[in-house]
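Single-letter residue listing:
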Amino acid sequence: MASLSVKPGQRFTMPDWQNNSLLISADAEQQRYNSHHIRQEGRALRNETGNQARWDEHNTRTCLNDRITSVDRWREALARCLTDTDLEIDALTKVKEAAENALQAKNLCLDVAIECLTFRESRRDIDVVRDPVEEELLKEVKVIEKAKKELQQRVDEAFKQLCLLKEARQQLNCDHRHKVETLELDRQCMSFNVTSGNISFKVKPTRIPDGTTALREWELNSQCNKDRAEAEMRASVDLRGAITLSIAQTNNELDAQRIATEFALRKRIRDMEGALSELRWQERNTLEEIAEMEEEIRQLEEDLRKRTLDLKVAHTRLETRTYRPHVELCRDQAQYGLTDEVQQLEGTIRALQKKRTESQDALDALYRQLHRIQTDIGYKTNSLQLDNKCMDTRRKLVIPVEKFEPEVDAVNRTRNLPRNSQLELA
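From a predicted model like this one, the values you see are computed outputs, not experimental measurements.

K.L.:
Which residues make up the overall build of the chain, and what values do they have?
P.N.:
Assigned secondary structure in the chain consists of five helices and zero strands. The order of α-helices and β-strands along the chain, N terminus first, is α-α-α-α-α. Out of the 426 residues in the chain, the part that is buried amounts to 28%. Contacts in the chain between residues far apart in sequence, at least 24 positions, make up 90% of those at least 6 positions apart. With an accessible surface of roughly 29700 Å², the chain has 54% of that area assigned to carbon and sulfur atoms.

Right under this line is the structure:
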């Protein structure tokens, strides 16, 4: 009789089978419904968040663009003010130098007047009299001392005003530089997009950095810097006018001493030009010697490099020959020759290095001497410029006060500066 090889498993009824199929179908339907619902919600969320992200990015770009426009307007305003301040500093510096030159020129007038009075003290007996000449000389001394005191006061005022102008300029320059950096950073932010290679997550990006200021405070700071610079420029303009008028008045009162002063200045200028000519000749010769010495040092270094390579070859040969086997490792003539060559090359290299050091010391000494010569040339060139400036300034001595017009426009250039300038931003 045949039998089953495997014990049959549990048997389910037909209703169980049907119920299982219905359950699977129902579960599948529910899962598809849930999936469809989630997909719809995801699509709506993507649309909503995408639109919001695009709008936020557009709004951010608009704000950045408006901020760039605002900062750029201030940058242009500060740049114009900075240029005006630089021009005013240059103008006041020139007027201050003119006042200093005029003050220096008064020393010669005072020396001449005192020397004349000293000479006249040598008169004897009845000739020792208070005559009109002595009275005029004493009056001239008083006029010169008064002029020197007034000019010195003007120079001190100009120095103080220059300090104020430079301080205002420094604040303007700092503010302008910060705005240039800000523009660069904001424009860089404008250029960022999702395809940029340098974007990444940052630690606490929404933090408020230390030192953050309010927008109103930012505007007031720039406006205050601009207003202060314009106020200092207006004060400088008035001071330049006063200094120029003082120079013209004192020069007109002391015109009698013009010839003697200009003679001394011309003689000084000729001497200075002669000294400069000699120094420039020395400079040319020193530069030629420096060039020759530098070429010699280059040749020494080239020879030193070649001998060093030769020494490397000799060392390599000696080291390579140490690997000869057994009895072949003998001190033959080649070994002695290589040893002598190494010693000779080492001595040669030491000699070359010593000579290079000596040559470098000589070159350094030449450079130091050249520096001394060029420094002296600079000093004398500056002195020559100052003397020529004195000559130019003394041209005003022959011009009547009512027709006097300074080379530097001391009154009218910035007379039209606004008294209360305000930058209007759109």
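Anyway, onward from the coordinates.
K.L.:
Give me the UniProt feature "coiled-coil region" (unreviewed entry) in the chain: which residues, what numbers.
P.N.:
Feature annotation in UniProt places "coiled-coil region" (unreviewed entry) on residues 134-161, 276-310 and 342-369, given in this structure's numbering. When the span residues 276-310 is considered, its composition is 100% helix and 0% strand, and the gap between its end C-alpha atoms is 50 Å.

K.L.:
Now, about the nonpolar core: what can you tell me, with residues and values included?
P.N.:
In this structure, L92, L172, I243 and I247 are the most contacted members of the largest nonpolar core, which totals 27 residues. Among the secondary structure elements, those contributing two or more residues to this core are α1 (14-120), α2 (132-191) and α3 (215-253). Setting aside residues up to four positions removed in sequence, L172 forms contacts with L78, C81, L82, T85, N225, K226 and A229. Counting residues in hydrophobic clusters, the runner-up holds 10 residues, among them L304, V342, L345 and L352.

K.L.:
Go over the pattern of salt bridges, please, and point to the residues and values.
P.N.:
A full pass over the atoms with the stated rule returns 17 salt bridges. We note a salt bridge from R61 to E57, for which the minimum N-O separation is 2.6 Å. Taken as a pair, R61 and E57 lie in helix α1 at a separation of four residues, close to a single helical turn. You can call R61 partly exposed: its relative accessible area is 27%. A salt bridge links D72 to R187; the nearest nitrogen and oxygen atoms lie 3.9 Å apart. Here the residue D72 occupies a position in helix α1, and R187 occupies one in helix α2, the gap between them amounting to 115 residues.

K.L.:
How would you summarise the confidence of the model for the chain if you had to cite specific residues and measurements?
P.N.:
For the chain, per-residue confidence averages 79 on the pLDDT scale, and 78% of positions sit at 70 or higher. Considering each helix and strand of the chain separately, the mean pLDDT is smallest for helix α5 (residues 333-394), with a value of 80, and largest for α3, with 88. In this model, residues 406-426 is a region of pLDDT below 50 whose contacts with residues beyond four sequence positions or in other chains number 44 contacts.

K.L.:
Outline the packing of aromatic side chains, supporting the account with residue identities and numerical values.
P.N.:
Counting across every chain of the model gives zero aromatic pairs. Above the ring of W218, the side-chain terminus of R67 is found at 3.9 Å from the ring centroid.

K.L.:
Talk me through the side chain of K179; I want residue IDs and the actual numbers.
P.N.:
Residue position: K179 is located in helix α2. Of the residues examined, K179 reaches a relative accessible area of 3% and is grouped as buried. When residues no more than four places from it in sequence are discounted, the contact partners of K179 are V71, W74, R75, L78, W218 and S222.

K.L.:
Provide a residue-level description of the environment of E341, including the pertinent values.
P.N.:
Looking at where E341 falls in the secondary structure, it is placed in helix α5. Judged by its relative accessible area of 30%, E341 falls in the partly exposed class. Put simply, E341 and D310 are 31 residues apart on the chain and 9.2 Å apart in space, counted from C-alpha to C-alpha. Excluding its chain neighbours within four sequence positions, the residues that come into contact with E341 are A314 and R317.

The rules behind these values
- Residues numbered from 1 in each chain as written.
- Predicted model: local features only at pLDDT ≥ 70, side-chain atom pairs only at ≥ 80, totals over all residues.
- Heavy atoms only, no water.
- Helix = DSSP H or I, 4+ residues; strand = E, 2+ residues; numbered from the N terminus.
- Buried < 20%, exposed > 50% of the residue type's maximum accessible area, 1.4 Å probe, protein only.
- Contact = heavy atoms within 4.5 Å.
- Areas by Shrake-Rupley, 256 points an atom, 1.4 Å probe, with all protein chains shown as cover.
- UniProt positions renumbered as here; feature names shortened; annotations may be inferred.
- Core = buried A, V, L, I, M, F, W, Y, C linked by side-chain atoms within 4.5 Å.
- Salt bridge = Lys/Arg side-chain N within 4 Å of Asp/Glu carboxyl O.
- pLDDT = per-residue confidence, 0-100.
- Phe/Tyr/Trp six-rings, centres within 6.5 Å; stacked < 30°, edge-to-face > 60°.
- Lys NZ or Arg CZ within 6 Å of the ring centre and 35° of its normal.

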